[in-house]
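Given next are the chains, with one letter for each unit.
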Amino acid sequence: MIDPFGRTINYLRLSVTDRCDLRCTYCMPERMRFLPKAEVLSLDELDRVASAFVRLGVRKLRLTGGEPLVRRDMLYLVERLSRHLASGVLDELTMTTNGHRLAEFAAPLAAAGVKRINVSLDHLEPATYARITRGGDVARVIVGIDAALAAGIAIKLNAVALRDDNADHLVTLAEWAHARGADLSVIEVMPLGSVEADRRDQYLPLTEVRARFAERWTLTDLARSTGGPARYVRTNEGGTIGFITPLTHNFCGGCNRVRLTCTGQLFLCLGDDADADLRTPLRANRDDRLLDAAILAAIERKPERHAFDHRVAKPAVARHMSHTGG
Ligand code: SAM
Ligand code: SF4
């Protein structure tokens, strides 16, 4: 699949639920309104639509949410999708999780062919973690990370840089990750959906974070690119740190991904409202011709770039990251 700007689209992020057992302050409001359950695709429908993307050229599939591990029978979907790994048409089946339930799922995920997982962890100190996530238990996340590592799954930590909550803690988080053989990526907070806090107060440009890392380590830029807005460095002690900077730098020119919600709505860009309904063609027919045509037509409408602006309080798009699938 090639979009109008010549970009090859080979990466799908699939939100399997918009629900979550946490309420991170930068992600959603405390009283979040979730999508009506009746509109959510079944696991077999999610398998069918993801498999259509794979047939059309997607090589990497990330299961996300909301919290993917709170969806009942989630392993069934992972095991179904793993057939594409076995047949060689899919290079990677991976997941982003808050890690709360990872201990329970690590071994079966590894058995289904999941080799890498991103775990979101913004702070190691229990009280601060509980405050940022509104009730999360960091000890559970750590047990989950260790279970995944023991199962042979590579772990990358994702931390959202928050001016008031973890600006002073990110070096410690990187040291902690590297001591376990894990990588760390730091993410700029994006204006997605409204939350109680003012996004302009939360926002911490990663230029500042990088400067703090540079006081601790000598950093060498790496050439590695994943087609996303991430750039990687290696520390002189051998650890890897990623900087995901949708706001300070715009890397839309190399974008290779689209996102599907759990109700079958395809978003062509995280920071734009361009979308397509895939649930109607999915349910209209048992064969996939209409579905394939709807996907290909949607790719033709992928926007050139997002419209994020950290100087304004208003969200760039009304929906939250947990809806679109992070
Ligand atoms: N619940 C899972 C988790 O937390 O890893 C998966 C979904 S979550 C929406 C995916 C990622 O988006 C997490 O790393 C989270 O920190 C990040 N995220 C959520 N809201 C964000 C925002 N407004 N700006 C930047 N990152 C955000
Ligand atoms: Fe839930 Fe992930 Fe959003 Fe936190 S970032 S509220 S864990 S979906």
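Quick look at the structure, then. Everything quoted here is computed from the prediction, not taken from an experiment. (Residues numbered from 1 in each chain as written. Chains lettered and ligands numbered in written order. Predicted model: local features only at pLDDT ≥ 70, side-chain atom pairs only at ≥ 80, totals over all residues. Heavy atoms only, no water.)

**A look at the site of ligand 1**
Moving on, step 1. Taken together, 18 residues form the shell around ligand 1, and within it Y26, G66, T96, S120 and M190 come nearest.
Moving on, step 2. Contacts to ligand 1 include E67, whose side-chain N or O atom sits 3.2 Å from a nitrogen atom.
Moving on, step 3. Interatomic distance of 2.5 Å between a side-chain N/O atom of S120 and an oxygen atom of ligand 1.
Moving on, step 4. Starting from 550 Å² of accessible surface for ligand 1 in isolation, the protein chains cover 96%. (Near = heavy atom within 4 Å. Polar contact = N/O pair within 3.5 Å; in protein donor to acceptor, adjacent residues only side chain to side chain. Areas by Shrake-Rupley, 256 points an atom, 1.4 Å probe, with all protein chains shown as cover.)

**Re helix α1 (residues 43–55)**
Moving on, step 1. The terminal C-alpha atoms of α1 lie 18 Å apart, and with 13 residues this matches the ideal 18 Å at 1.5 Å per residue to within 8%.
Moving on, step 2. For α1, the buried fraction is high: ten of the 13 residues fall into the buried class.
Moving on, step 3. Three or more residues of α1 are buried, namely L43, E45, L46, D47, V49, A50, S51, A52, F53 and V54.
Moving on, step 4. Once α1 ends, the next one or two residues include G57, with phi positive near 125°. (Helix = DSSP H or I, 4+ residues; strand = E, 2+ residues; numbered from the N terminus. Expected span 1.5 Å × (residues − 1). Buried < 20%, exposed > 50% of the residue type's maximum accessible area, 1.4 Å probe, protein only.)

**Focus on the site of ligand 2**
Moving on, step 1. In the vicinity of ligand 2, the contacting residues are C20, L22, R23, C24, C27, M28, G66 and N98.
Moving on, step 2. Of the residues contributing to the shell around ligand 2, the split by class is five nonpolar, two polar and one charged. (Nonpolar A, V, L, I, M, F, W, Y, C, P; charged D, E, K, R; others polar.)

**Describing the pairing of strand β3 (residues 92–97)**
Two faces belong to every sheet, and in a regular strand the side chains alternate between them.
Moving on, step 1. The element β3 is largely enclosed, with a buried count of six among its six residues.
Moving on, step 2. Across the two faces of β3 the burial is the same, with E92, T94 and T96 and L93, M95 and T97 all buried.
Moving on, step 3. In this sheet, β3 lies alongside strand β2 (residues 60–65) in parallel orientation, the contact comprising four bridges. Bridge pairing links L61 to L93 in β3.
Moving on, step 4. Bridge count for β3 against strand β4 (residues 116–120) is three bridges, and the pairing is parallel. Bridged to T96 within β4 is N118.
Moving on, step 5. Running through helix α3 (residues 102–111), the crossover from β3 to the neighbouring parallel element β4 is right-handed. (Pairing = 2+ DSSP bridges. Right-handed = clockwise from strand over helix to strand, strands pointing away.)

**Brief notes about the nonpolar core**
Moving on, step 1. Counting residues in each nonpolar core, the largest one holds 100 residues, and the members touching the most others are F53, L63, L109, L121, F213 and L266.
Moving on, step 2. At seven residues, α1 tops the list of elements feeding residues into this core.
Moving on, step 3. Once residues within four sequence positions are removed from consideration, L121 is found in contact with Y129, V138, V141, I145, L157, N158, A159, L173 and W176. (Core = buried A, V, L, I, M, F, W, Y, C linked by side-chain atoms within 4.5 Å. Contact = heavy atoms within 4.5 Å.)

**Some words on the pattern of salt bridges**
Moving on, step 1. In the structure shown here, the tally under the stated rule is 23 salt bridges.
Moving on, step 2. R134 serves as the salt-bridge partner of E30, at 4.0 Å between the closest nitrogen and oxygen. Of this pair, E30 sits in the loop between β1 (11–17) and α1 while R134 is found in the loop between α4 (126–133) and α5 (138–150), placing the two residues 104 residues apart along the sequence.
Moving on, step 3. Assessed through its relative accessible area of 22%, R134 is described here as partly exposed.
Moving on, step 4. Taken together, the shared-partner salt bridges connect R48, R55, D288 and D292 into one network. (Salt bridge = Lys/Arg side-chain N within 4 Å of Asp/Glu carboxyl O.)

**Observations regarding unusual backbone geometry**
Moving on, step 1. Positive phi, close to 60°, is recorded for D73, a residue that is not glycine.
Moving on, step 2. Relative to the helices and strands, D73 is located in the loop between β2 and α2 (74–86).
Moving on, step 3. On the accessibility criterion, D73 (53% relative accessible area) is exposed.
Moving on, step 4. Positive phi, normally seen in glycine, also occurs at R134, with a value near 55°.

**Overview of the state of the cysteines**
Moving on, step 1. Tallying each qualifying case throughout the model produces zero disulfides.
Moving on, step 2. With no disulfide of its own, C262 has C20 as its nearest cysteine by sulfur position, at a separation of 12 Å. (Disulfide = S-S within 2.5 Å.)

**Observations concerning the sheet that holds strand β9 (residues 240–244)**
Moving on, step 1. The strand order across the open sheet built from twelve strands is β7-β8-β9-β6-β5-β4-β3-β2-β1-β10-β11-β12, with neighbouring strands paired in mixed fashion. Both edges of this open sheet fall to β7 (219–221) and β12 (275–277), since each of them pairs with a single strand only. Each strand of the sheet is rotated relative to its neighbour by a mean of 25°, with strand direction disregarded.
Moving on, step 2. Those strands touched by α1 are β1, β2, β10 (257–260) and β11 (265–267), and its axis lies near 175° from that of β1.
Moving on, step 3. Helix α6 (residues 170–179) contacts β5 (154–161), β6 (183–188), β8 (230–235) and β9 of the sheet and is inclined by roughly 150° relative to β6. (Axes fitted to C-alpha atoms, helices over the stretch in contact; angles between N-to-C directions.)

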